[in-house]
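# An overview of the molecular structure
Here is how the chains run, residue by residue.
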Amino acid sequence: MHLTYKHTLYACYAGYITQAAVNNLAPLLFIVFQTQFGLSFEMVGRLILINFGTQLLADVLAVKFVDKIGYRASAILAHALCTVGLVLLGVLPRISPSPYAGLIFAVITYALGGGLLEVLVSPIADSLPGDKKASAMSLLHSFYCWGQVAVVLISTLALAAFGTEIWMWLPIGWALLPLCNLFFFTQVPLMPPVPEEKLMSIGELCKSRVFLVSLLVMMCAGASELTMSQWSSLFAETGLGVSKTLGDLLGPCLFAALMGLGRLLYGVYGAKLNLRNTLLCCGALCVACYALTIFAPHPLLSLVGCALCGFSVSVMWPGTFSDTAARFPRGGTAMFGMMAVFGDLGASLGPWISGVVSDFSQQTSLLQQLQTTTGQALSQLGMKSGLLAGMLFPALLILCVLYLKSRRARRAMAGE
């Protein structure tokens, strides 16, 4: 069979589905980990921090060695790490003297692979022949969402059908995906690399104020998306009092489906839209969705806000990638690596800060008084406090995009 660049794109799609598996499987099991291993909110939040913190480290390292060993070898290594890490997630907690230490080691292993994928997949796809890069990038990133939907749907239904006792088989089963794609990446054609002397260095990129603000936008995009995505299942179960199956399906599953729909729509119609105006609208809608989730008087409305948040963040991550790539066409791996670093920084800090605020707020007299006044459970109020802290990130994104728009307007007027 003769493989073409179309097959390369398919491998990139599968790469993002793999990343969705390593990022979203463990949060579905948080309630199991809390029950079986006695983990606190902060401890499960720390697993998210370790995941994306390790991905951040992988992003930084990738900037240094990817161009030296090549995209193909790096992609094979990334998928191998994801495969091993997912297998370890199902095995280590049950055989380690410390189940939490076993979870951490497994998370670190697959997170190294996930971080490499974040740096590799977008530039590989961006290098392929074709026009309408922003729309193509949004369509590519939509496969992360469809992967998340598949992970949540299949895993949730499996747990509902067979019981939470079989949870360890889920990561082992999902490990087959990166294992298969590893062999696919050994065969698909890749575009020849751009000579290093024609690319911008990290130092050159960091001298640009526009690039630095774009990095901040990327951080806010990661935090806005992952804070709601990673906590939505646990929020639905403990904060809203719904069952695990219903919480997973109406929380992270519907969140991912609407995020995928938003990216798909932008992939089809994005060429007709102003990207920065789209980012502004997404930021405003995201703030509104967080507010609805937190302050809605009825649990169903809170779940609606949680799900709609997926649509609101849909264009943030790929849109910031595309906007920055268009501004810095010679950015290369260094640019994509730096963008991934700050995206993962936001993805690490957002959920972790939310967990810390959730735990801390439950010890305050204010929330204890609110518990008495409203009749809501303290854990429910704590989770809402954590999400309230997470709402700061889409608000900051709006301010940053407004700055970029005003800077461009000033330059346009000066040119006239």
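Throughout this description, residue numbers start from 1 for each chain and increase along the sequence as written. Two thresholds apply to this predicted model, a pLDDT of at least 70 for residue-level local features and 80 or more for giving and counting side-chain atom pairs, whereas whole-chain, interface and lining totals are computed over all residues. To get the side-chain values, all heavy atoms of the structure are used, and hydrogens and water are removed first.

Each helix is a run of H or I in the DSSP string that is no shorter than four residues. Each strand is a run of E no shorter than two, and both are numbered from the N terminus. Secondary structure summary: the protein chain contains 18 helices and 0 strands in total. Every radius of gyration here is taken over C-alpha atoms, with the globule rule written as 2.2 Å times N^0.38, N being the number of residues. Whereas a compact globule of 416 residues would reach a radius of gyration of roughly 22 Å, the protein chain reaches 21 Å, a difference of no more than 12%. If you line up the protein chain on its principal axes, its C-alpha atoms span 60 × 55 × 35 Å. Exposure categories follow from relative accessible area, calculated using a 1.4 Å probe and restricted to protein chains: below 20% of the type maximum is buried, above 50% is exposed, and the middle band is partly exposed. The proportion of buried residues among the 416 residues of the protein chain is 56%. Only heavy atoms matter for contacts: two residues are in contact if any of them lie within 4.5 Å across the pair. Pairs at least 24 apart in sequence give 84% of the contacts found in the protein chain among residues at least 6 apart. Accessible areas in this description were obtained via Shrake-Rupley with a 1.4 Å probe; residue shielding takes into account the shown protein chains only. As displayed, the protein chain offers around 16600 Å² of accessible surface, 70% of which is attributable to carbon and sulfur atoms. Averaged over its 23 positive side-chain charges, the protein chain has a centre that lies 8 Å from the centre of its 17 negative ones. None of His or the chain ends enter the tally, which takes Lys and Arg as positive and Asp and Glu as negative. Working definition for charges: the position is that of NZ of Lys, CZ of Arg, CG of Asp or CD of Glu.

This paragraph deals with the packing of helix H3 (residues 41-69) against helix H4 (residues 71-95). One way to put it is that H3 packs onto H4 with a least axis distance of 6 Å and a crossing angle of 120 degrees. Taken together, the axes of H3 and H4 lie oblique to each other. Where H3 approaches H4, its residues Phe-65, Val-66 and Ile-69 are matched on the opposing element by Tyr-71, Ala-73 and Ser-74. For the contact of H3 with H4, the per-class residue count stands at 5 nonpolar, 1 polar and no charged. Note on geometry: axes are lines fitted to C-alpha atoms, helical ones only across the stretch in contact, with angles between N-to-C directions running from 0 to 180 degrees. Oblique is the label for any angle not under 35 degrees, not over 145, and not in the 65 to 115 range, which are roughly parallel, roughly antiparallel and roughly perpendicular in turn. Any residue that is not Ala, Val, Leu, Ile, Met, Phe, Trp, Tyr, Cys, Pro, Asp, Glu, Lys or Arg is counted as polar, Gly included; the first ten are nonpolar and the last four charged.

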